[in-house]
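# A closer look at the structure
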Amino acid sequence: MKLTENIYLVGGYGYGYSAVGDCNIYMIDCGGSLAIVDTGGGKGVPQIIGNIERMGFDADDLEVAFISHCHFDHIGGNKGFKEATGCRIAAHEAEKEELEGLGEMTLYSMGLERGLSFEPVKVDTVLRGGESVKVGSVAFQVVHTPGHSPGGISLLIEDGGSRCLFPGDTASALGRLGFINGPGFVLPEWKSSIKKMMALEPDMMFPGHGTFLLSGAMEHLAVYDEKLNSPWVNIVTSVG
Ligand SMILES: [Fe+2]
């Protein structure tokens, strides 16, 4: 599903677009080469590749799968995508071991309870935050945004004159409060990560769950800023 000039939704259980357990999966057309953000819960890889090819792209052009963070619903397709397309897996250094060993931070046991099982795979490109990763003609600005998990990253690209943010699960539309109090969750880090995102001044936002935003991203981030810094807040926890 084409969302902007070069950004596509290629998977997501929440949209009925791929298998159960899949977060939203976005593809960026980098001009000859392709990148995706996250790989889903694992079961959806064939459907996601099918979606990519139905839109006229060759999945063999997939160069990089950026991993927003280590939770099972974002990493389960790593092996499948790597084997099917030859892409490299890029993730933050704080979560490399978790990804390669399916450690506690990945919430893999929660995935198993939901009928998802997959094998780990090596991280090929270690991200630290602060760098820019070029894929084809597109520069991905990598920002370390922990809080939801220790090695959460956000990616910023320019597309059609808009600043487009991929925040993983660290932010979503309407200031939805997601997974809280799990292993690796740190509230003060989350608060400062929201401020880091706001400093990027994004126009559009493409979160790991729920709807994407084609404008007004700053207003939705401001809701978090207000909620997280209020004296009392009605917190709803969910990983869906
Ligand atoms: Fe998550």
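Attention here is on the structure that accompanies the text. This structure is a prediction, so every number in the text was calculated from the model and none was measured.

Parameters and conventions
Residues numbered from 1 in each chain as written. Predicted model: local features only at pLDDT ≥ 70, side-chain atom pairs only at ≥ 80, totals over all residues. Pairing = 2+ DSSP bridges. Helix = DSSP H or I, 4+ residues; strand = E, 2+ residues; numbered from the N terminus. Axes fitted to C-alpha atoms, helices over the stretch in contact; angles between N-to-C directions. Contact = placed C-beta atoms within 7 Å. Buried ≥ 20, exposed ≤ 12 C-beta atoms within 10 Å, placed from the backbone.

A few words on the sheet that holds strand 3 (residues 34-37). Within the open sheet, the 6 strands sit side by side as 1-2-3-4-5-6. Their pairing is mixed. Each having just a single partner strand, strand 1 (7-11) and strand 6 (125-127) make up the two edges of the open sheet. With strand direction ignored, the average angle separating the axes of adjacent strands in the sheet is 25 degrees. Note that strand 1 and strand 2 (residues 25-29) share 4 bridges and pair antiparallel. Residue Tyr8 lies in a different strand from strand 2, and its bridge partner there is Met27. Together, strand 1 and strand 2 form the strand contacts of helix 1 (residues 45-54), whose direction differs from that of strand 1 by roughly 145 degrees. Along the sheet face, helix 3 (residues 78-85) touches strand 4 (62-66) and strand 5 (88-92) and points at about 170 degrees away from the line of strand 4.

What follows is about the environment of Gly160. Position of Gly160 among the secondary structure elements: in the loop between strand 9 (153-159) and strand 10 (162-166). As a C-alpha pair, Gly160 and Met1 span 159 residues in sequence and 17 Å in three-dimensional space. Here Gly160 is in contact with Thr4 and Glu5, once residues within four sequence places are set aside.

A positive phi angle, near 75 degrees, is found at Asp38, a position not held by glycine. In this fold, Asp38 is placed in the loop between strand 3 and helix 1. Its 28 C-beta neighbours within 10 Å are what place Asp38 among the buried residues. Backbone geometry places Glu201, a non-glycine residue, at a positive phi of 50 degrees. Examined against the element boundaries, Glu201 turns out to sit in the loop between helix 6 (187-199) and strand 11 (204-205). Under the C-beta neighbour-count criterion, Glu201 is labelled exposed, with 12 such atoms within 10 Å.

The next subject is the sheet that holds strand 11. As summarised here, the arrangement of the 5 strands in space is 7-8-9-10-11, forming an open sheet in which the pairing is mixed. Strands at the two margins of the open sheet, each flanked by one partner only, are strand 7 (132-135) and strand 11. In this sheet, strand 10 lies alongside strand 9 in antiparallel orientation, the contact comprising 5 bridges. Counted as the bridge partner of Glu158 is Arg163 from strand 10.

Geometry only, nothing functional implied.
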